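The residues making up each chain are set out below.
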Amino acid sequence: MRWHSTIKKMNGKKVPCLPPTLGLYIHIPFCKSKCIYCDFYSLAGAEEAMDRYVSALIRQLEELAPRCRANPVDTVYFGGGTPSYLGVKRLKKILKAVFHGYQVTKDPEITLEANPDSLEDKRTVSALRRAGINRISLGVQSAADGELRTIGRVHTFAQAEAAVEAVRRGKISNLSLDLIYGLPGQSLESWQSTVEKILALEPEHLSCYGLKVEEGTPLWQRQGELELPDDDLQADMYLWAAQRLTAAGYEHYEISNFAKPGRQSRHNMKYWTLQPYAGFGPGAHSDFGDVRYAWVRDLETFCRGVETGESVLAESERIPPRDRDTEYLMLGLRTARGIGRREFESRFRLPFAPIAAALEPFRARGWAVEEDGRWRLTAEGFLLSNQIILSALEALGREKERRQRAAQNHDFRVTG
């Protein structure tokens, strides 16, 4: 194992710091059909390109492995699209390349996103487990078949129940279920029924996302003809779910995510806590080595570029650690961990007091909580997170402008 040259003191002695662990995101852009709300890069009816894509993906993994060699990989996340649609044999090939080229830790979290119709038998799940996958994220979305049909899902809730049983019988013990509230025609009672039926399945993790009408999607084009719950109803759905899931023993650890103790998504926590991750495949994003970058969002261009050695980079931006103060606030306030004075001031060499002052009015309204110098939002605050985060960012911006003016005037009492 290689060590970073960074040195820190521990019990009065100087010891080398371990390099940060790395998460790998592997994008699988294939779907059986495209849901009307989906804005992710995915393709339906492109099965003939699967083998070529897997070869290109493995080649990209192999080419980038040397620059990741110093960082132990402790999470791997197959996202999509519908990764399970790729099939066990192809997924095994990709994982073999990961284990061969990267320093994978002894207890990695390896997640596969799947749709219920692709995981209905124990043998498939067992084969995935033997390949190394130990966490399944199942896109259930609703327990009402009519709601599923409206948004273009190809499975029924009975298939979702069968998939959960297959996951359990296949001995994968870390299961996450995705749900969407605010669906066309959905009532508060229908949403409550979905949550209760999902709780009966006893997943270790739940993600509850409010429906977003993204421009360019079929849902965007059809929104005028569909009965969509208004903002107030969506808020009621969200708050009820947060209270019900908390009562059921789930920790509300991020705006949209709930987990049984110790079952938080280790991979997604990397995004929210500014840990490094490397993405592979068309449209995948990375934040690694103080550089944020993304690959082209086109399957043909990606495959051809990897095959010919041409660049498939779509964007790249270097962001030094000291310049990530806004990200720290934006992402930290999405989590139950929140943001901390000591952590912020040590990391960014800026005063936290202006940010605390900006958050104080929200504490008075019950939307934020401060404990031991750490600020976090309540469930009600999560609903207004955009407004609260904007206030914190504006306070930070004013402080940085003030310090910049002071530096220009050589007033080191302010900037020191």
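Look above for the structure.
Within every chain, residues take consecutive numbers counted from 1 along the sequence as written. Residue-level local features of this predicted model are given only where pLDDT is at least 70; pairs of side-chain atoms are given and counted only at 80 or more, and the full residue set underlies all totals for whole chains, interfaces and linings. Note: side-chain values were computed over all heavy atoms of the structure, leaving out hydrogens and water.

For two strands to count as paired, DSSP must find a minimum of two bridges between them. Labels follow the DSSP assignment, with helices taken as runs of H or I lasting at least four residues and strands as runs of E lasting at least two, numbered in each case from the N terminus. Pairing is antiparallel in the open sheet, where three strands are placed in the order β17-β19-β18. With partners counted over all chains shown, the strands left at the sheet margins are β17 (339–340) and β18 (368–371), one partner each. Where β17 and strand β19 (residues 374–377) come together, two bridges link them in antiparallel fashion. Of the residues in β19, the one forming a bridge with Gly340 is Arg374.

What follows concerns unusual backbone geometry. Residues apart from glycine generally show negative phi values, whereas peptide bonds are mostly found in trans. The omega torsion across Gly80 and Gly81 is 15 degrees, close enough to zero to call that bond cis. Within the element layout of this structure, Gly81 appears in the loop between β6 (73–80) and α2 (88–101). One non-glycine residue, Lys171, adopts positive backbone phi at about 70 degrees. Of note, Lys171 is situated in the loop between α5 (157–169) and β9 (175–181). Non-glycine residue Arg349 carries a positive phi angle of around 55 degrees.

Let's shift gears to the pattern of salt bridges. When a carboxyl oxygen of Asp or Glu is within 4 Å of a side-chain nitrogen of Lys or Arg, the pair counts as a salt bridge. Scanning the entire structure with this criterion turns up 24 salt bridges. The partner of Glu63 in a salt bridge is Arg59, and the shortest N-O contact between them spans 3.4 Å. Here Glu63 and its partner Arg59 are both found in helix α1 (residues 50–68), four residues apart, which amounts to about one turn of the helix. Among the ionic pairs, Glu327 bridges to Arg324, the shortest N-O distance being 3.5 Å. With relative accessibility at 8%, the residue Arg324 sits in the buried group. One network of salt bridges, with partners in common, ties together Asp287, Arg292, Glu317, Arg324 and Glu327. Any residue under 20% of the maximum accessible area for its type is buried, any over 50% is exposed, and the rest in between are partly exposed; the area is computed with a 1.4 Å probe on protein chains only.

Centre distance and the angle of the planes are the two values used to describe a pair of aromatic rings. When two rings of Phe, Tyr or Trp (its six-membered ring) have centres within 6.5 Å they constitute a pair, described as stacked for plane angles under 30 degrees, edge-to-face for angles over 60, and tilted for the intermediate range. Under the criterion given, the structure shown has 14 aromatic pairs. Ring geometry for Tyr181 against Trp191: centres 5.5 Å apart, planes inclined by 50 degrees, an arrangement best described as tilted. Taken together, the residues span a long stretch of sequence, with Tyr181 in strand β9 and Trp191 in helix α6 (residues 188–199) at a distance of 10 residues. With relative accessibility at 9%, the residue Tyr181 sits in the buried group. On the numbers, 6.2 Å between centres and 25 degrees between planes, the contact of Phe362 with Trp367 is stacked. What links up through ring pairs into an aromatic cluster is the set Tyr328, Phe344, Phe348 and Phe352. Whether a charge sits over a ring depends on NZ of Lys or CZ of Arg being within 6 Å of the ring centre and within 35 degrees of the ring normal. Of note, Lys260 hangs over the ring of Tyr250, and the distance from its end group to the ring centre comes to 4.8 Å.

Next up on the list: the side chain of Glu204. Structurally, Glu204 is set in the loop between α6 and β10 (205–210). Exposure remark for Glu204: the relative accessible area of 13% places this residue in the buried category.

The next point concerns the packing of helix α13 (residues 353–364) against helix α15 (residues 385–408). α15 packs onto α13 with a crossing angle of 150 degrees between their chain directions and a minimal axis gap of 8 Å. It follows that α13 is roughly antiparallel to α15 by the angle criterion. Where α13 crosses over α15, the two elements pack in a sense that is right-handed. Between α13, through Pro354, Ile355, Ala358, Leu359 and Phe362, and α15, the contact on the second element is made entirely by Gln387, Ile388, Ser391, Ala392, Ala395, Leu396 and Glu399. Only Asp, Glu, Lys and Arg are considered charged, only Ala, Val, Leu, Ile, Met, Phe, Trp, Tyr, Cys and Pro nonpolar, and every remaining residue, Gly among them, polar. Of the residues in the contact of α13 with α15, the class split is nine nonpolar, two polar and one charged. The convention used is that axes are lines fitted to C-alpha atoms, helices contributing only their stretch in contact, and that angles between N-to-C directions extend from 0 to 180 degrees. An angle below 35 degrees is read as roughly parallel, one above 145 as roughly antiparallel, one from 65 to 115 as roughly perpendicular, and any other as oblique. It is the rotation of the near helix from the far one that decides the hand of a crossing: anticlockwise by less than a right angle makes it left-handed, clockwise makes it right-handed. Any two residues whose heavy atoms approach within 4.5 Å are treated as being in contact.

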